[in-house]
Amino acid sequence: NRLYEDLESSVFNSNLIFIGGYPRSGTTLMRAILDVHNAIYCGPETRVLPMLLGFVQQKFMRNPHELIELINANIKLENLNKAIALFIYSIMYNHGEKVVRLCAKDPDLLYYMNYLHELFPKAKFVYMVRDGRATAYSMLKQTSEKMTFVKMKQYLGTWNSFSTSAVRQCQSVGPNICLMVRYETLVLRPKETILSVMAFLNESFSDEQLHHEKFVGQRIRLSDTEWSNDQIRKPIYLESLVEWIKSPVQDYDKEMVESSVPMLKALNYSYDIDELDYYREYKTKNGT
Ligand code: A3P
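Keep in mind that this is a model prediction, so the values were computed, not measured. (Residues numbered from 1 in each chain as written. Predicted model: local features only at pLDDT ≥ 70, side-chain atom pairs only at ≥ 80, totals over all residues. Heavy atoms only, no water.)

## Description of the nonpolar core
Then, in step 1: F18, L34, I88 and F120 are the most contacted members of the largest nonpolar core, which totals 93 residues.
Then, in step 2: Of all the elements, helix α8 (residues 149-173) adds the most residues to this core, at ten residues.
Then, in step 3: Contact partners of L34, with chain neighbours within four places excluded, come to I17, I19, I40, C42, V197, M198, L201 and Q209. (Core = buried A, V, L, I, M, F, W, Y, C linked by side-chain atoms within 4.5 Å. Buried < 20%, exposed > 50% of the residue type's maximum accessible area, 1.4 Å probe, protein only. Helix = DSSP H or I, 4+ residues; strand = E, 2+ residues; numbered from the N terminus. Contact = heavy atoms within 4.5 Å.)

The structure is reproduced here in structure tokens:
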């Protein structure tokens, strides 16, 4: 019993790192930069963690009837949570390197931030935020869909609801637990941004983290099927910042975006392209 209780307590008190964000927000780049650090291991997406968390949330947390059935069977919510925490830890522990600090990156993990915080109160969350228009544009590119505004709007809708939930949860767990990192800032000012991430994680910064591309295939393991593999092999570049601006989708409708994607404004992304901070910074950097 003692052994099992010690195991439980070290699992629940572990200082895990979870990285997430709406897909195409630079989550792979962030995990690659952390993987360069010799005390941290994130590895490829686990896939199974958001699946499990989605199942638990749907099956039990949003379904009082099932929960009552469990309690009647003498499985208390507290014990269910412990079992889920052990499952998550075990996946992360056996995922790759048995390093000091375990990390998992799956874009959808942040839907479950409050719950993960309850399971692992010492875990930290890195929330990658990116302009929703750029993520929607990137999704269209990746899925080879028609580059039309009608399609883009669908992704903007899911970006808006993801961001609403992630921002709310990030604020509720507080600034010591959740850090919002903008993709735009990461690529425009990598050193400053990585330094702030490492300070948030209470880890040292190493110059090697500015050259993640040198470690791909070594400390940075790739899964054959992830979309960002080719991009992650390159040093940090700026081109993706402005692709959606330079070659806009057909019939881009600024007024429609303004009325239907309020999270852009909430996250300080101007609807007016010329007022966008990162576009200005990009132009200054590029001399254009
Ligand atoms: P684009 O598709 O707009 O190019 P995620 O890993 O969360 O899915 O995010 C993918 C985005 O991260 C891609 O956006 C990609 O360009 C960007 N990214 C990946 N590696 C990068 C690098 N080395 N430098 C700059 N951006 C990178």
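From this point on, the discussion continues.
## A closer look at the packing of aromatic side chains
Then, in step 1: Tallied over the entire structure, the rule returns eleven aromatic pairs.
Then, in step 2: Between the aromatic rings of F18 and F125, the centroid separation amounts to 5.5 Å while the plane-to-plane angle is 25°, which identifies the pairing as stacked. Of this pair, F18 sits in strand β1 (residues 17-21) while F125 sits in strand β4 (residues 124-129), and the two are 107 residues apart along the sequence.
Then, in step 3: Residue class for F18 comes out buried when judged on its relative accessible area of 0%.
Then, in step 4: A centroid spacing of 6.3 Å and a plane angle of 90° characterise the contact between F55 and F60, whose relative ring orientation is edge-to-face. (Phe/Tyr/Trp six-rings, centres within 6.5 Å; stacked < 30°, edge-to-face > 60°.)

## Overview of the site of the ligand
Then, in step 1: In the vicinity of the ligand there are 20 residues, among which T27, T28, S138, Y237 and S240 approach most closely.
Then, in step 2: Taking T28, its side chain carries an N or O atom lying 2.4 Å from an oxygen atom of the ligand.
Then, in step 3: For the shell around the ligand, the elements supplying multiple residues, two or more each, are α2 (27-36), α7 (132-142), α9 (183-188) and α11 (229-232).
Then, in step 4: Here the shell around the ligand takes three residues from α2, the largest share from any one element.
Then, in step 5: Grouping the amino acids of the shell around the ligand by side-chain chemistry returns seven nonpolar, nine polar and four charged. (Near = heavy atom within 4 Å. Polar contact = N/O pair within 3.5 Å; in protein donor to acceptor, adjacent residues only side chain to side chain. Nonpolar A, V, L, I, M, F, W, Y, C, P; charged D, E, K, R; others polar.)

## Notes on the packing of α7 against α8
Think of two packed helices as two axes; the pair is described by the angle between the axes and how far apart they sit.
Then, in step 1: Following both chains from N to C, one finds α7 and α8 inclined at 125°, their axes separated by 9 Å at the closest point. In terms of orientation, α7 lies oblique with respect to α8. Once α7 is placed against α8, the crossing between them reads as right-handed. When α7 is examined against α8, the residues G132, R133, T135, A136, M139 and L140 are found in contact with a partner set consisting of K151, M152, Y155, L156 and W159. (Axes fitted to C-alpha atoms, helices over the stretch in contact; angles between N-to-C directions. Parallel < 35°, antiparallel > 145°, perpendicular 65-115°, else oblique. Left-handed = near helix turned anticlockwise from the far one by under 90°.)

## Let's talk about helix α3 (residues 48-61)
Then, in step 1: An ideal rise of 1.5 Å per residue puts 20 Å on 14 residues; α3 measures up with 18 Å between its terminal C-alpha atoms.
Then, in step 2: Buried residues of α3: L49, P50, L52, L53, G54, V56, Q57 and F60, and no others.
Then, in step 3: Where α3 is buried, its residues contact α4 (64-72), α5 (77-93), β3 (101-105) and α6 (113-119). (Expected span 1.5 Å × (residues − 1).)

## Digging into unusual backbone geometry
Then, in step 1: At R24, a residue that is not glycine, the phi angle is positive and equals roughly 75°.
Then, in step 2: Mapped onto the secondary structure, R24 falls in the loop between β1 and α2.
Then, in step 3: The backbone of R47 sits at a positive phi, close to 65°, despite the residue not being glycine.
Then, in step 4: Looking at the secondary structure, you find R47 in the loop between β2 (40-41) and α3.
Then, in step 5: Taking relative accessible area as the criterion, R47 reaches 55% and is therefore assigned exposed.

## Section: the side chain of D35
Then, in step 1: Note that D35 resides in helix α2.
Then, in step 2: A polar contact of 3.1 Å, which involves the side chain of D35, links it to the backbone nitrogen of G43.
Then, in step 3: For D35, the contacting residues outside a window of four places in its chain are I40, Y41, C42, G43, R219 and I220.

## Thoughts on the state of the cysteines
Here is the idea: a disulfide is a covalent bond, and it sits between the sulfur atoms of two cysteines.
Then, in step 1: Throughout the structure, instances matching the rule amount to two disulfides.
Then, in step 2: At a sulfur-sulfur separation of 2.2 Å, the disulfide partner of C42 is C103. The disulfide joining C42 to C103 has a torsion of about 95° about its S-S bond and is therefore right-handed. Note that C42 is positioned in the loop between β2 and α3 and C103 in strand β3, a separation of 61 residues in sequence.
Then, in step 3: What makes C42 buried here is its relative accessible area of 0%.
Then, in step 4: What makes C103 buried here is its relative accessible area of 2%.
Then, in step 5: Here C170 pairs with C178 through a disulfide, and the sulfurs are 1.9 Å apart. (Disulfide = S-S within 2.5 Å.)

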